[in-house]
Every structure is written in structure tokens, then in C-alpha cells.
Amino acid sequence: MEAVTAPEVASRPTLKVKEASPADAEEPQTSPRQGASSPIPQLLAPLEEQPKIWLPRALRQTYIRKVGDTVNLRIPFQGKPKPRATWTHNSCALDASRVSVRNGEQDSILFIREAQRADSGRYQLSVQLGGLEATATIDILVIERPGPPQSIKLVDVWDSNATLEWTPPQDTGNAALLGYTVQKADTKSGLWFTVLERYHRTSFTVSNLIIGNSYAFRVFAENQCGLSETAPITADLAHIQKAVTVYKTKGFAQRDFSEAPKFTQPLVNCTTVTGYDTQLFCCVRASPKPKIVWLKNNMDIQGNPKYRALTHLGICSLEIRKPGPFDGGIYTCKAVNPLGEASVDCRVDVTTPL
């Protein structure tokens, strides 16, 4: 991975002056002609350029990496003669087995081959030159996927809805949770479908489930690295059953349609010609169905082949086949049922053509 380089002066690096100490000066040298008990003081080299750290813009806020990523930070600085650069992690010395540092003439490189969560923290670079010191602070956060929610429970099922509850994960992956992803699967297909994403509460009601199916549910936790690798699944299935509808009919009194016979259309007097068939019509209403009797001059003509009587849907008809001079007279239609009787009559005249 390329090192972060952006040579801009940061507002965070600071410069301070500290009192000179014996450690700031090199040990005095002795010449062959002089004894070790006669040291000659050595003067410090004059400062040509004060120490200053150029912190890249990307490192002025928390520098976030994933577990296993490489951390390679190049921090430019200035100072002449060459200053002494040192690093600390959380105010302690660096772990040389995990972190390596290379100091150059004008920069310092911090390198971690495979970052782990233990590498998170505050790193401080200190550049010292004589009695002057410049410092810069870098916050590094190493994150990974969160753990799954601890448990999930099916609380209630009604109509086409199911209510779920779960508990947050024990391990958030060293980062804030972005939410939860809820998925459902019916037992027929076994395929998982996402219901919602980045939901922040720990309870939710899944709606619009298909009647007749059974569903299982699972919940993933999510942070900046992504979804948790596993997800708990509800132990109980949500069975969406069809509601049983019971129809109750209101009682009502049965209407009585019984009635005595009554003619709604009477017979009509007519005149016919000898040898031409003639028909008589009338209409009767009655319940129960009445018995129809035809009379001629008050004599029953039922069964006489000269006459044909029909009754259909309350319409009564009598056909007189080829009437003769003796077929004229008074014709009567009588309707009889248990509730009573009624009758209508008409006169039929038969003429002889000239």
C-alpha cells in the first residue's frame, strides 16, 4: 500500500523548546596526547532550520483500517541538521515485533504488515533538534466485522404479521454499528430475502407474509466493515394461517304464499266459423297449484277427444277442434285447490258460412 503523503503543514503538530540536558550533547572525545581526565568541551552545531512536522491531511482525523490490512504512513518533517525522530503508542514505546519504523533525512515511515485490533490507539511522532521539539498525533482505528446478535426470538404471529426481538452482539468489531439486516425464508423455497437494512432497533414486525406459508427469520449486525459472518435463526416457525370466517344468517319468518284460486284474465266471448279450430284462453293464480276443470253448459268435457285442454304457468287454454253448429254454448273454466275455487265463463257462437 502506498504511504500517505500530503506535504501540508498540520495544525496539530506542535513545537516546543526544552532545556538542554547532557543527553543532547555528544560524549567528549579525548586525544592521544591528553589523558581521559582532561575532557575538552565540544560546541553544538548551529541550527539552520527549526524542526517541523508536515502532517498529511488524511491523518488529521482518525485513520481507519481493517484487520489484516497494511498500515504504511509516511510523515514528512524538516530540520537541519538532521533531527531525531521517535514514535510512541499510547505514550508507550512501540512493539518492535509488530511495528517497524524507518527514519530518513526528511521523513519517518511507520509500517505495520498486518494490522490487528490491538494496534489501534494514539501514535505520537516526536522530532527533536537541540532544545526544540515538534510533535504530531495520529489516531489509528483497526476494525473488523461485528459478531452476530446474541439471540433472536419470535414473539407473536397474527394475521399476516410476525414480531421479532433480538439482543445486540457482544463484539461490535471495534466500530459503531450501522444497524441490523432482517431476512426471511419460507419453508417451501428455502431462499432468504432481505426485509430491511440498517435498522437500528432490536425489535421489528414483518408484514405482508403470504397466507399458508411458514417462515423462519434471521438478523445480521452491520458496521463499517460489513455484515456479521453469521446470523442467529428463529427456533420457531411463523405459520401464517387463513382466518376462519363464520357467517351468521339472521332468522326471518317464512312468508306464506298460499292463496285461493283467482282468475287474473277471464274468458272472452267469441264467434267462430264451422270447421275452423277455435281456442279459449284465461289466466289463474293460486297456491298450491289448482286443478283445472272445463265445462260446457255446466257439463264436464274432460276426456272428450273433440277438446284439448292445456295448463302452463297459470295460463289455461281450451282448443275446440273443427267446431260444428252443436258446439256453441257457454264454456266454463273452474280452478279448485284446498283453499277454495273460482270460475270464469264465456259464450261461443258457431256460424255457418254462406
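Summarised in this report is the structure supplied together with it. None of the values given here were measured: they were computed from a predicted structure.

Rules and cut-offs
Residues numbered from 1 in each chain as written. Predicted model: local features only at pLDDT ≥ 70, side-chain atom pairs only at ≥ 80, totals over all residues. Heavy atoms only, no water. Pairing = 2+ DSSP bridges. Helix = DSSP H or I, 4+ residues; strand = E, 2+ residues; numbered from the N terminus. Axes fitted to C-alpha atoms, helices over the stretch in contact; angles between N-to-C directions. Salt bridge = Lys/Arg side-chain N within 4 Å of Asp/Glu carboxyl O. Buried < 20%, exposed > 50% of the residue type's maximum accessible area, 1.4 Å probe, protein only.

## Let's talk about the sheet that holds strand β4 (residues 71-80)
- Spatially, the four strands line up as an open sheet ordered β2-β4-β8-β7, and their pairing is antiparallel. With one partner strand each, in any of the chains shown, β2 (49-53) and β7 (100-103) form the two edges of the open sheet. Neighbour-to-neighbour, the strand axes of this sheet turn through a mean angle of 20°, independent of strand direction.

## Observations concerning the pairing of strand β14 (residues 192-199)
- Looking at chain direction, strand β13 (residues 179-186) and β14 are connected through five bridges and run antiparallel. When the bridges of β14 are listed, Y180 appears paired with Y199.
- Where β13 folds back onto β14 in an antiparallel hairpin, the turn is made up of five residues, including G190, whose phi is positive at roughly 75°.

## Regarding the pattern of salt bridges
- Using the criterion set out here, one finds 12 salt bridges in the structure.
- Linking D119 and R98 is a salt bridge whose minimum nitrogen-to-oxygen distance equals 2.6 Å. Of this pair, D119 sits in the loop between β8 (107-112) and β9 (121-129) while R98 sits in the loop between β6 (92-93) and β7; the two residues are 21 residues apart in sequence, bridging distant segments of the chain.
- The class for D119 is buried, based on a relative accessible area of 4%.
- Here R308 and E319 are joined by a salt bridge, their closest N and O atoms 2.9 Å apart. Here R308, found in strand β24 (residues 307-312), pairs with E319, found in strand β25 (residues 315-320); they are 11 residues apart in sequence, far enough to count as distant.
- The exposure class assigned to E319 is buried, which follows from its relative accessible area of 13%.

## A few points about the environment of L310
- Mapped onto the fold, L310 is located in strand β24.
- Judged by its relative accessible area of 47%, L310 falls in the partly exposed class.
- Spatially, the C-alpha atom of L310 lies 9.8 Å from that of F281, the residues being 29 residues apart in sequence.

## Points about the sheet that holds β24
- Spatially, the four strands line up as an open sheet ordered β19-β21-β25-β24, and their pairing is antiparallel. The open sheet is flanked by β19 (259-265) and β24, the only strands paired with a single partner. With direction set aside, neighbouring strand axes in the sheet form an average angle of 25°.

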